[in-house]
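Structural description and commentary
Below are the chains, spelled out letter by letter.
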Amino acid sequence: MAKAKNNTLKLKFDTSWNFAPAPESKSIASIKDKYDLFINGAFVKPSSKKHFKTINPANEEVLSEVADANAADVDKAVKAARTAYDKVWKKMSGKERGKYIYRIARMLQERAREFAVIETLDAGKPIRESRDFDVPTAANHFFYYAGWADKLEYAFPNRQAQPIGVAGQIIPWNFPLLMAAWKIAPALATGNTVVLKPAETTPLTALKLAEIIQEADLPPGVVNIITGAGATGAALVNHPGVDKIAFTGSTDVGKIIQRAIAGTNKKATLELGGKAANIIFEDAPLDQAVEGVINGIFFNQGHVCCAGSRLYVQESVYKTVVRKLKDRIETLIVGDPLDKNTDIGAINSKQQLETIHKYIKIGQQEGAEMHQSSCALPGKGFYCRPTLFTNVAQSSRIAQEEIFGPVLTIQTFRTEDEVLEKANNTPYGLSAGVWTDKGSKIFNMTTKMRAGVVWANTFNKFDPTSPFGGYKESGYGREGGLHGLSAYVNLI
Amino acid sequence: MFSAVKKYNMAKSVIKKSNIHISENGLENHQPEKRLEVLKTYKIYIGGQFPRTESGRYYIATNSKGKKLANVCLSSRKDVRDAVESARNAFGGWSARAAFNRGQILYRMAEMLEGRKAQFIDELMQQDASRAKAEHEVNLSIDRLIYYAGWCDKYQQIFSAVNPVASSHFNFSVPEPTGVVTIIAPQHDSLLGLVSVIAPVIAGGNTCVIVGSYDKPLSCVTFAEVLNSSDLPGGVVNILTGKASELAPWMADHMDINAMIYCEKDAATQKMLREKGAGNVKRVIVYDKINWYSDAGQSPYFINDLQEIKTTWHPIENIGGGGSKY
Amino acid sequence: MIAETSTIKIPNFSLSPRVDQVGIEERAARVTKRSIKKESKLNGLLLALNMIDLTTLEGKDTDGKVKQLCYKAQHLHDAYPGLPTVAAVCVYPSMVKTAKQALGNSGIKVASVATAFPSGQSTRDVKIRDTKYAVANGADEVDMVISRGKFLMGEYNFVFDEIAAVKEACGSARLKVILETGELGSYDKVRRASDIAMYAGADFIKTSTGKISSAATLPVTLVMLEAIRDFYYETGKMIAMKPAGGISKSKLALHYLVMLKEVLGEAWMNNEWFRFGASSLANDLLMQIVKEKTGVYQSKDYFSID
C-alpha cells in the first residue's frame, strides 16, 4: 500500500460538510443617521455645515453621515482642550484622573459586543477579530494606563513627569477603536487633553467612544473628537495651540507632518508603515511557523503596519513551507465580516483595493509567480483573496513597497548572515519575526534585526504593557508599556 | 366594601373593648409590629469559605464604653495551620495568573467595597469612629485597592532589569512572588491597615493569612465578604480573628510560610519572630512606623518587599557579523 | 537509524519535528471560534454520531452489559427515525465474541483493546497472544498500547518493532495504536510517538486509553493530525485518527470535526478515517440533534442510557 513520495498529492478542504452562515446580529448596534462633532463634552454642528458618508465596505451600504470639521471647528476643539487643560485636568490629582480612565475601560467592557459589531460594519474587519482582539485590547489599554496616572513619580528615575498640554492625534482606519485607545489613554493618564481625528472611512467607533466619555462624566473638553479628512488633519497639525502631535498612518503623510512642524516647538511621535521580514529557519516548528506567517499577513486583511509581508524561508525547508502555506490558505474563509466564520473580511475601501490590485499586477509583471486560494468571493463589497508570490527577488517592487493587503512575498535564504542583511535591507523598521527552535539563534537574530518589535516564534502579539513603535522610516516614539509614557510628558 | 362597613358598624355596639381601631376606609388595622433585626455571626475566612474557629472559642468585642458588639472567633493554631494549607494550595494558581487579571480582580474588590460603603462606615462607627473619620477611612481603603490594582502589571517594569553582562548572554532579572505570607495586621486602623498590607502582597502574586485587629475585629470579617464577591480565588487571602500574641509564635515557627509581616511596635515580638523565623529563613518584615493615612502608606516598594529576583542567562549566538552595520 | 521498508524510508525518530506549545494551543483555540449553526450543526452532529466507538472497558463488564451496549449501538434513539448507527463497539478481548454475536450484520465494527491494555507493562509474547485471541474471536479492529516506559527511555526501535509485530498478528484487522499522550510529557513527544506508530504500520493513531485522567485534548489531536498530514505527503498513505477520553459534549465534538476538516479535509471526514472514543458523547449528541429538530432544550430523562 505504500507509495513513493508523490508531488501530485492534494488535500481537499472544501468538504461536503461546510459551515452554514453564522452572522452576528446587527441589532445590538445603535448607529445614528448623522453625527456631529464632539467638542467640549457635547455634540455640536460643524461650522462647515458639511457632512460626509461612511459606508460598510462589505456591501457598500451607507452606515451614517459624519461631520466634516473645517479649520474653525478645529480651532474650537483645540481651544476647548486648552481650557479644560488649564482649568481642570492639569490641576486634578493623578488618582482622580485615573478613576475617570478606569470608568472608560469598564464601560467599554460592558458594551464590548456593540462596539465590536460597529467596528466590523465600519471597517470591514471580521467580527471574530473585533470581538476577540480589537475591543478587549482597547479596553485593556485604558485599564493599563489608568493605573499609571498616580504613579508617574516612579516611571522616570530622578525626573518629575509633567504633562505637555494639548495633544492633536490623528489615527488610521485599520484599527479605529484600538488606535483611539492607544492615543487617548496615555495622553489622559499623564495629564494632557486631547483632540482626536479618526480616519475618514472609519469614524464610528470613535464617536461611540465619545458617548462613553460623556457617560463617564469626563470633564468637558478633556477629550474632543472631530471627524474629517486630510484637510482636517492638516488643520490640526498646523494649529498653534497644539503642543504635541501623535500620528499613525502612512510614511508619506508622516514625512509631511514632520516637515510641517519643523521650526515649531511641537513634539511629535509617528507610527508609520512597515515591510516586516518574517524568517523561518529549517529547525523551526514548521506548522506553528506557518500559522504565525498566516496570522502575520492575513490578520485584518493585511491592513497592519507591522504585517509580516516578506517571508524568508531557509531553502532546505522551502518546498514544505510553501506546501503548508498553500494548504492553510485554502481553509481561510473570505466573506461577510459580520459572519463569525469569516477569516478575511472586506478591504477597507475601494481605493485600498485598487492599490492592492495594482501591486498584484506589478508582481506578475516583475516575473513573480502568483498563487491565490480558491475560495469564493461575495458579489458586492471590496474583497481580495489571500495571495502568495514566489520567485520574488530582493529588488522586486512587491518586496520593497508596502502593499497593505493580504499579499505575501516569499524568498529563500541559506545562512543567518544572509537573511539578516536582507531583513534589514529596507528603509522601514517596524517589526520582524524569527522562527527557530534554537534559543541562542533567536537572541542573535533579535539583537541584530533593526526593528522596533521583534517576534520570536510568534507574530502580531500586542499587549498594553508592551512598547510598540519603529526604527527608521517606520517612525519614532513608542506606544504601550512604561516607555509609552515618554511621548506625553515633559521631564523636569 | 360598603356592606362590610355596615355590617361592622352594626356589630360595633357588641364590642366592648378592643385594641382594633377602624380607619377611614373602614378596614381594620394593627399598630405596625416591630421587625426584629437579624444579627450577624462573625466567622473567619479560610479557603474561600466562612468556617467558625475549630477551637469553638470566642471573645466578646466591645466598643470603648464596654458595649458588646459581637461574639468573635478566637482563632487557634489549628486555624492557622488550615489557613496556611489553603494559602499554599492557592499560591500556584494565583501566581500563575496574568498580571492584568490580578489587576482586574483588585479593581473588582474596590468596586465591591465601594458598593458596601455604608456597611463599613456603620461598623467603624460602632467601633468608636466618628462618621467623618469612618467615611475617610473607607474612602482611602477603596482608593488604596485601586492604587494597587494599577500596580499589578507595572511593578515588573520598574523592578526588572536586562543586565548587560560582559559575555555573549542575554541576561534578565525579574521579580517573582515569595509564596505564602502571614500577616499580623495593624491593630489600630482596623480597615485601612488591613487593606494596606493585603493589597501589595497579593498584587505581587503571593497568598496570605492575616490576623486582624483584636480590639476592632468587625471590619476584617466583613472585608472577607468583599473578597468573596470579587472573583478572588479561595485561599488567596485568609482572614482570622483572635490574639496575635497567641498565634504569632505558631506562624513564626511554621516551616511552610515564606514570609511574615508584623505591624506593631513591640520589640520583644519583633525579636521573637526573627528568631523563630530563622528556622526556615523566613523573610520577616516589620511595618511599625507607617502612617497608613499618609502617602507613605502606599508604594510599589511594599510589593517589592515580597518578591524574589530571578536572573536568567541565555547565550546569544554571534555568527559572523551579518546585519551589524546600521 | 535509516532503514528501508518497501519504498518508505524510515526517518531518524530522534530528529522528529518540533512542536511549539504556545503556537499549537493557539491554533487549536482558533478552531473553537468557528460557529457551527443550522444545517451544518445538524449534519455535524450526525457525522459525529456515526464516528463514535461506543466503549465499555470496565473490570466489572459482563456478557449482559456488553449485549445491552450493542443493542444501544444499533438503536441509539428509535424515537427519531433515520439516525445513523455508531461506527464500532470497543470492548476487552474476553467480550469480543459476545459483541460480535450481538451486533450481527449491522455493519458496526467490533474493536478490541489488547496488548496488556491499559498499561502495556508485559512481555511481547503476552501481547501477541492477547492480540491473536481478540482477532480469532472476530475483532475487526485492535486497539493496542505502546510501551511508554521504553519510549521515554529513548528505545524507539523497541517501540517500533513491537507495533510492527502486533500489526502482523492482526492479520486483516485494522490496528489502532494508542500513544497514551497524557503520559508522554510534551507535544514534541506526541509527534515523535505518532511518527513511530505510523512508520511501523499503524492504521489508526489514537490518543488515550481513557484510564488516566489526562486524555484527548484539541492541541494533542492537532499535533497528531499534522503528523498524519506530513506522513501522507511523504508516503501517499492515509492514516486514521481517534481522540479518546474527555469528549462528552457535542460542542467539543464539533470542534474536533472543524479541526479535522481544516487539517486533513474531505477524505478523512468519515468513520473509516476518524473516530471518537467516547461513552456519554452519544447521548449528548442525540439531545442536541433532537433540539435542532424541535427547537427545545432536552433532558437526559428522555434518552436511554444503555
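The structure displayed is predicted, hence computed values, not measured ones.

1. Some details on the overall build of chain C
Looking only at helices and strands, chain C features 11 helices and 10 strands. A globule of 306 residues ought to have a C-alpha radius of gyration of about 19 Å, and chain C, at 19 Å, matches this closely. Principal axes of the C-alpha set define a box for chain C whose edges measure 60 × 45 × 35 Å. Put simply, chain C has 306 residues, and 54% of those count as buried. In chain C, the share of contacts with a sequence separation of at least 24, taken over all contacts with a separation of at least 6, comes to 73%.

2. Here's the deal with the overall build of chain A
Within chain A, the regular secondary structure consists of 13 helices and 20 strands. Taken over the C-alpha trace, chain A has a radius of gyration of 23 Å; the compact-globule value for 492 residues is 23 Å, and the two agree within 12%. Along the first, second and third principal axes, the C-alpha atoms of chain A reach 80 × 50 × 40 Å. With 492 residues in all, chain A has 58% of them scored as buried. Sequence separation of 24 or more characterises 72% of the internal contacts of chain A that already satisfy a separation of 6 or more.

3. A word on helix 5 (residues 176-189) of chain A
Residues and elements named next belong to chain A. The first and last C-alpha atoms of helix 5 sit 20 Å apart over 14 residues, in line with the 20 Å expected at 1.5 Å per residue. Burial analysis of helix 5 places 14 of its 14 residues in the buried class, the great majority of the element. A positive phi of about 100 degrees marks Gly191, the residue just after helix 5.

4. Considerations on the interface of chain A and chain B
In this complex, chain A contributes 29 residues to the contact, which on the side of chain B involves 26 residues. Taken together, the elements giving at least two residues each to the side of chain A that touches chain B come down to helix 2 (94-110), helix 4 (127-148), helix 12 (416-424) and helix 13 (439-448) of chain A. Ranked by residue count, the leading element in the side of chain A that touches chain B is helix 13 of chain A, at seven residues. Grouping the amino acids of the side of chain A that touches chain B by side-chain chemistry returns eight nonpolar, 10 polar and 11 charged.

5. Examining the interface of chain A and chain C
Each partner contributes to the interface: chain A provides 31 residues, whereas chain C provides 36 residues. Sort the elements by how many residues they give to the side of chain A that touches chain C and helix 9 (residues 286-298) of chain A lands first, with five residues. For the side of chain A that touches chain C, the class distribution of residues is 12 nonpolar, 10 polar and nine charged.

6. Thoughts on the sheet that holds strand 8 (residues 204-206) of chain C
Residues and elements named next belong to chain C. Here we have eight strands laid out as an open sheet, ordered 9-8-7-6-5-4-3-10, and parallel in their pairing. With partners counted over all chains shown, the strands left at the sheet margins are strand 9 (240-242) and strand 10 (276-278), one partner each. Taking each pair of neighbouring strands and ignoring which way they run, the sheet shows an average axis angle of 25 degrees. Here strand 4 (residues 88-91) pairs with strand 5 (residues 109-113) via four bridges, running parallel. Of the residues in strand 5, the one forming a bridge with Ala88 is Lys109. The sheet strands contacting helix 4 (residues 96-103) are strand 4 and strand 5, and the helix crosses strand 5 at an angle near 170 degrees.

7. Describing the sheet that holds strand 1 (residues 34-35) of chain A
Strand pairs in the sheet, formed through backbone hydrogen bonds, run parallel or antiparallel to each other. Strands sit in the order 1-5-4 (chain A) across an open sheet of three strands; the sheet is mixed. The open sheet has two edge strands, strand 1 and strand 4 (51-56) of chain A, and neither has a second partner.

8. Some words on unusual backbone geometry
That bond from Phe117 of chain C to Pro118 of chain C is cis: its omega, 0 degrees, falls within 30 degrees of zero. For Asp128 of chain B, which is not glycine, the phi dihedral falls at a positive 85 degrees. With respect to the secondary-structure elements, Asp128 of chain B resides in the loop between helix 4 (117-126) and helix 5 (131-151).

9. Focus on the pairing of strand 11 (residues 283-286) of chain B
Residues in a regular strand project their side chains so that they alternate between the two faces of the sheet. Residue and element names in this part refer to chain B. Sheet analysis places strand 10 (residues 259-262) next to strand 11, joined by four bridges and oriented parallel. Bridge pairing links Tyr262 to Val286 in strand 11. Between the parallel elements strand 10 and strand 11, the chain passes through helix 10 (residues 267-277) in a crossover that is right-handed.

10. Section: the pairing of strand 17 (residues 431-435) of chain A
All names here are of chain A. Strand 17 sits mainly inside the fold: five of its five residues count as buried. Pairing of strand 12 (residues 277-280) with strand 17 involves four bridges; the strand directions are parallel. Residue pairing across strands places Ala277 opposite Ala432, the latter belonging to strand 17. Pairing of strand 17 with strand 18 (residues 453-456), which is carried by four bridges, proceeds in the parallel orientation. Considered in strand 18, the bridge of Ala432 is made with Val454.

11. Looking at the environment of Asn12 of chain C
Residue and element names in this part refer to chain C. Among the secondary structure elements, Asn12 is positioned in the loop between strand 2 (8-10) and helix 1 (21-31). Judged by the 9 C-beta atoms lying within 10 Å of it, Asn12 falls in the exposed class. For Asn12 and Tyr156, which are 144 residues apart along the polypeptide, the C-alpha to C-alpha distance reads 9.6 Å.

12. Overview of the nonpolar core
The tendency in soluble globular proteins is for nonpolar side chains to be buried side by side. Grouped together as the largest cluster of nonpolar side chains are 176 residues, with contacts concentrated most on Ile101 and Phe142 of chain A together with Leu106 and Leu145 of chain B. Among the elements that take part in this core, helix 5 of chain A stands out by supplying 11 residues, more than any other. Not counting the four nearest positions on each side in its chain, Leu106 of chain B is found in contact with Leu145, Tyr148, Ala149, Cys152, Ala199 and Ala203 of chain B. Ranked by size, the runner-up nonpolar core spans 103 residues in total, among them Ile36, Leu47, Met95 and Met198 of chain C.

13. Side note on helix 11 (residues 350-365) of chain A
Residue and element names in this part refer to chain A. Taking 1.5 Å per residue, 16 residues should reach 22 Å; helix 11 reaches 22 Å between its end C-alpha atoms and fits that length. Buried residues of helix 11: Gln352, Ile356, Tyr359, Ile360 and Gly363, and no others. Each buried residue of helix 11 sits inside an arc of 105 degrees when the element is viewed along its axis, so together they form one side. Across helix 11 from its buried face, at more than 90 degrees, point the exposed residues Gln351, Glu354, Lys358, Lys361 and Gln365. Of the surrounding secondary structure, the elements contacted by the buried residues of helix 11 are strand 14 (369-372), strand 15 (387-390) and strand 16 (407-413). Where helix 11 terminates, the next one or two residues include Gly367, which has phi positive at roughly 95 degrees.

Calculation rules
Residues numbered from 1 in each chain as written. Chains lettered and ligands numbered in written order. Predicted model: local features only at pLDDT ≥ 70, side-chain atom pairs only at ≥ 80, totals over all residues. Helix = DSSP H or I, 4+ residues; strand = E, 2+ residues; numbered from the N terminus. Rg over C-alpha atoms; globule rule 2.2 N^0.38 Å. Buried ≥ 20, exposed ≤ 12 C-beta atoms within 10 Å, placed from the backbone. Contact = placed C-beta atoms within 7 Å. Expected span 1.5 Å × (residues − 1). Nonpolar A, V, L, I, M, F, W, Y, C, P; charged D, E, K, R; others polar. Pairing = 2+ DSSP bridges. Axes fitted to C-alpha atoms, helices over the stretch in contact; angles between N-to-C directions. Right-handed = clockwise from strand over helix to strand, strands pointing away. Core = buried A, V, L, I, M, F, W, Y, C linked by C-beta atoms within 7 Å. Arc of directions from axis to C-beta.

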